[in-house]
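Structural overview
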Amino acid sequence: MTTKARVLLIPGSIGRLSYTRAAIQVIAQTLEVRGAETRIWDLAEMPLPMADPEYDGIPQHNPDANVRELARAANEADAFVLATPVYHNSYTGVLKNALDCLGDDQFAGKPIGLVGHQGIQPVDHLRIVVRSLGAHAITRQVVTRKQDFASGPDGYVLNSETLTHRINVFCDELLDWVRRFRGD
Ligand SMILES: Cc1cc2nc3c(=O)[nH]c(=O)nc-3n(C[C@H](O)[C@H](O)[C@H](O)COP(=O)(O)O)c2cc1C
């Protein structure tokens, strides 16, 4: 790879103690070990306003500084990881709102890895949504359950050999797609 792959990871949970965030942290570390540059956008720490259709397609002009910063980070990203728990049989509203604050310019032609917690439905739903943004959801996906984690002093810790292996393969595939799409 010529320059480091830049991956923007968005955990779609603002829970203070979040399995989704714990999974994303492992995925970010796994990508970094493979030479990627990662940034986790924590929607609890960097909240976004309700997506305003006035700025559809022009997030860089949004009056909210967090939206402008997210758009900048997304423009620079070569790939994304979107993660979400199951909320009412789908993915979370905060994640949808984040996607609605952005648009095709940020996502088109880029690979996206999808991660679900507590069920597969949100990942299936996201697969359709990212297609409308012109992005390519990679084939492999990661789905975690509560029993895959242990409680540590700083929150949940992934505690599953099967999932650790799955995450390794998922990260390999994501970075392989980056290489192919960038023509490295
Ligand atoms: C609004 C809401 C809706 C939920 N809907 C479902 C559901 O349909 N099915 C399910 O298994 N869990 C559901 N849950 C439980 C969450 O998936 C579960 O608490 C998960 O651990 C939250 O992820 P997090 O720890 O990353 O925040 C729901 C939780 C909330 C707050």
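Our structure is the block above this text.
Description of the structure in this document. (Residues numbered from 1 in each chain as written. Predicted model: local features only at pLDDT ≥ 70, side-chain atom pairs only at ≥ 80, totals over all residues.)

**Some details on the overall build of the protein**
A tally of helices and strands in the protein yields six helices and seven strands. The secondary structure elements of the protein, listed N-terminal to C-terminal, are β-α-β-α-β-α-α-β-α-β-β-β-α. Relative to its length of 184 residues, the protein is compact, with a C-alpha radius of gyration of 15 Å against a globular reference of 16 Å. By principal-axis analysis of the C-alpha atoms, the protein measures approximately 45 × 40 × 30 Å. Burial analysis of the protein (184 residues in total) assigns 41% to the buried set. Counting contacts in the protein only where the partners sit at least 6 residues apart, residues at least 24 apart contribute 75% of the total. (Helix = DSSP H or I, 4+ residues; strand = E, 2+ residues; numbered from the N terminus. Rg over C-alpha atoms; globule rule 2.2 N^0.38 Å. Buried ≥ 20, exposed ≤ 12 C-beta atoms within 10 Å, placed from the backbone. Contact = placed C-beta atoms within 7 Å.)

**Quick look at the site of the ligand**
The full set close to the ligand counts 13 residues, and Ser13, Gly15, Ser18, Thr20 and Pro85 are the nearest of them. Partitioned by chemical class, the residues of the shell around the ligand number four nonpolar, nine polar and no charged. (Near = placed C-beta within 6 Å. Nonpolar A, V, L, I, M, F, W, Y, C, P; charged D, E, K, R; others polar.)

**Some points on the environment of Asn62**
When you line up the elements, Asn62 lands in the loop between β2 (37-40) and α2 (65-76). C-beta crowding within 10 Å serves as the criterion here: with 22 such atoms nearby, Asn62 is assigned to the buried category.

**As for helix α3 (residues 93-101)**
Of the residues making up α3, those classed as buried are Leu95, Ala98, Leu99 and Cys101. Taken end-on, α3 shows its buried residues confined to a sector of 160°, consistent with a single buried face. (Arc of directions from axis to C-beta.)

**Here we look at the sheet that holds strand β1 (residues 6-11)**
Strand pairing in a sheet relies on backbone hydrogen bonds, with the paired strands running either antiparallel or parallel. Spatially, the five strands line up as an open sheet ordered β2-β1-β3-β4-β5, and their pairing is parallel. Where the open sheet ends on each side, the last strands, each with one partner, are β2 and β5 (136-144). Geometrically, the sheet is characterised by an average inter-axis angle of 20° between neighbouring strands, direction not taken into account. Direction of pairing for strand β3 (residues 79-85) relative to strand β4 (residues 111-117): parallel, over a ladder of six bridges. Paired with Leu82 across the two strands is Leu114, which belongs to β4. Against the sheet, helix α1 (residues 19-33) touches β1, β2, β3, β4 and β5, its axis set at about 155° to β3. Against the sheet, helix α5 (residues 121-132) contacts β3, β4 and β5, and its axis sits at roughly 155° relative to β4. (Pairing = 2+ DSSP bridges. Axes fitted to C-alpha atoms, helices over the stretch in contact; angles between N-to-C directions.)

**A few points about the pairing of β3**
With seven of its seven residues buried, β3 lies for the most part within the structure. Here β3 shows a buried face lined by Ala79, Val81, Ala83 and Pro85 and a second buried face lined by Phe80, Leu82 and Thr84. In this sheet, β3 lies alongside β1 in parallel orientation, the contact comprising five bridges. When the sheet's bridge partners are listed, Leu9 is paired in β3 with Val81.

In short, geometric facts, not functional conclusions.
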